[in-house]
Structure formats: structure tokens, C-alpha cells
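Spelled out from the first residue to the last, the chains are:
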Amino acid sequence: MSVIPLVFTSGWASGINAYAVVLLLGLFGATGVSDEVPAALQRTDVLIVAGVLFLCEAVADKIPYVDSLWDTAHTVIRPVAGAVVAALLAGESGSLPELAAGAIGGSTALMSHLVKAGTRMAVNTSPEPFSNIGMSVAEDLGVAGVITFALFNPVAAAVIAAVLLVLGIVALFFLASRIRRFLRRRAQRREEKRLAGTGGHWPPG
């Protein structure tokens, strides 16, 4: 039970930027900042891979429409990462607490990922690119701040993560019309590319 707040927080953060979560936790464990980080996350190869992928996400996440493609590709990756990190934090391989922690981390990561992806779709309806950069920087700083805070005060960090998740879900409700506009634009672009590939001729009739 004592690890649930950290599990929930890591799941929320993984849904936004799973690579940052793995990298931060691994570095905190490797440098001795926290004893809560499992050895598997402190391995050099894990840190290198997480670091490289984090840099890739840092770039892709700030480019309009590329960020949404990146989010789509990570619809499975982020929840799985959230579940794995949560299970590792729970320890006791194969135990019921580990399975429960994995379920909490994975489901929380999925919810926060859907909030992130939906919000980015709404932001992409704006013609300027600066909102994407601002959102990306805010998300990165939020993940770093909450994960760092969670290692020292996991309960308070979990409360913050829960509030942010609820606020994100509420925001999605109000942004629904902009999200639908984004999806219509994307479908229109796909249709235009399809017609261009067939010589630009509309079917008869």
C-alpha cells in the first residue's frame, strides 16, 4: 500500500513522457538520491536508451502534427511503460502487489496519454507553432517536477497528479469541438494525398 502513491504518480507521468520517467528515476537511483528506484531502471543501457528516446520525443513533441503522429505511435508504448515501471517499483516479482501496481500504473498512464493526445489535437487547430512548443515545455517541466517531488513526498505528489489528470479530462470535454476539427482536417489531407496519388481525378459520377 505504501508504494501506491508513487505508482500512481509514475503512471500519470508515463502517459505524458514515459522516457523522461525512466530516465529521471534511473538517474535518481544511480546517483543515490533515492533508495526507492529498482536496480533495473538504473542500468547504464536502460539510461542510454531512455536518454536517446527522450531527446527524440523532445524534438517531435514540439512540431505541429508530428506531435500527434508521435502520440498515436505511443498509444501502446506509454501505458505499457507505465505498467512496467509501476510493477518494478512494487517489487516482489510475480506477486499480487506487483500485478496490482502494474494495473494501476498502466491504466493511469493510458488515461493521461489520452488527455495529452487529445489536447495536442486541439492545439494543432491553431495556425501558429508556438502553442505546441509551450505545451511541450510545460509537460516536460511538469513531469520532471512531479516525479522529483514524488520521491520525497509521494502522497502529495499523487494528489497533484490526480488533480492534473481530472483537470485534463475536464479540459478535453471543452476542447471536443476543436479535436473533431483536427480529425476532419487530417481526414481531408489523407483524401487529398490519395487523390494526388491517383492522378488527381475524381471518380465518375
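Presented here is an overview of the structure given in this document. These numbers come from a predicted model, not from an experiment.

1. Here's the deal with the overall build of the protein
Of the regular secondary structure elements, the protein holds 8 helices and 0 strands. Helices (α) and strands (β) of the protein occur, in sequence order from the N terminus, as α-α-α-α-α-α-α-α. When the 205 residues of the protein are sorted by exposure, 43% land in the buried category. For the protein, contacts bridging at least 24 residues in sequence account for 73% of all contacts bridging at least 6. Carbon and sulfur atoms form 74% of the exposed surface of the protein, whose accessible area is close to 10,600 Å².

2. Some details on the packing of helix α6 (residues 130-152) against helix α7 (residues 154-174)
Where α6 contacts α7, the axes come no closer than 6 Å and their chain directions differ by 150°. Relative to α7, the element α6 lies roughly antiparallel. Between α6 and α7, the contacting residues are Val-146, Phe-149, Ala-150 and Phe-152 on the first element and Pro-154, Ala-156, Ala-157 and Ile-160 on the second. The residue inventory of the contact of α6 with α7, partitioned by class, reads 8 nonpolar, no polar and no charged.

3. Side note on helix α1 (residues 4-30)
Taking 1.5 Å as the rise per residue, α1 with 27 residues should run 39 Å; its terminal C-alpha atoms sit only 22 Å apart, a clear shortfall. For α1, a buried count of 24 out of 27 residues is recorded, marking the element as mostly surrounded by other parts of the structure. Gly-32 lies just past α1 and shows a positive phi near 80°.

4. Points about the nonpolar core
Counting 37 residues, the largest nonpolar core has Trp-12, Val-21, Leu-25, Val-85, Val-143 and Ile-147 as the members making the most contacts within it. Those elements giving two or more residues to this core turn out to be α1, α2 (44-60), α4 (77-90), α5 (96-123), α6, α7 and α8 (176-197). Excluding residues within four positions of it along the chain, Leu-25 makes contact with Val-37, Leu-41, Val-85, Ile-147 and Leu-151.

5. A look at α4
In a regular helix each residue adds 1.5 Å, so 14 residues correspond to 20 Å; α4 covers 20 Å between its end C-alpha atoms and thus fits that length. When α4 is considered as a whole, its buried residues turn out to be Arg-78, Pro-79, Ala-81, Gly-82, Val-85, Ala-86, Ala-87, Leu-89 and Ala-90. In the core, the buried residues of α4 are packed alongside α1, α2, α3 (66-73) and α5. Downstream of α4 by a residue or two, Gly-91 has a phi angle that is positive, lying close to 70°.

6. Here's the deal with the side chain of His-113
Within the secondary structure, His-113 sits in helix α5. Those residues within four positions of His-113 in sequence are excluded, and the remaining contacts are Gly-15, Asp-71, His-74, Thr-75 and Arg-78.

7. Details of the environment of Leu-175
Within the secondary structure, Leu-175 is located in the loop between α7 and α8. Leu-175 sits in the partly exposed class, given a relative accessible area of 21%.

Calculation notes
- Residues numbered from 1 in each chain as written.
- Predicted model: local features only at pLDDT ≥ 70, side-chain atom pairs only at ≥ 80, totals over all residues.
- Heavy atoms only, no water.
- Helix = DSSP H or I, 4+ residues; strand = E, 2+ residues; numbered from the N terminus.
- Buried < 20%, exposed > 50% of the residue type's maximum accessible area, 1.4 Å probe, protein only.
- Contact = heavy atoms within 4.5 Å.
- Areas by Shrake-Rupley, 256 points an atom, 1.4 Å probe, with all protein chains shown as cover.
- Axes fitted to C-alpha atoms, helices over the stretch in contact; angles between N-to-C directions.
- Parallel < 35°, antiparallel > 145°, perpendicular 65-115°, else oblique.
- Nonpolar A, V, L, I, M, F, W, Y, C, P; charged D, E, K, R; others polar.
- Expected span 1.5 Å × (residues − 1).
- Core = buried A, V, L, I, M, F, W, Y, C linked by side-chain atoms within 4.5 Å.

Take it as geometry only, folks, not as evidence of what the structure does.
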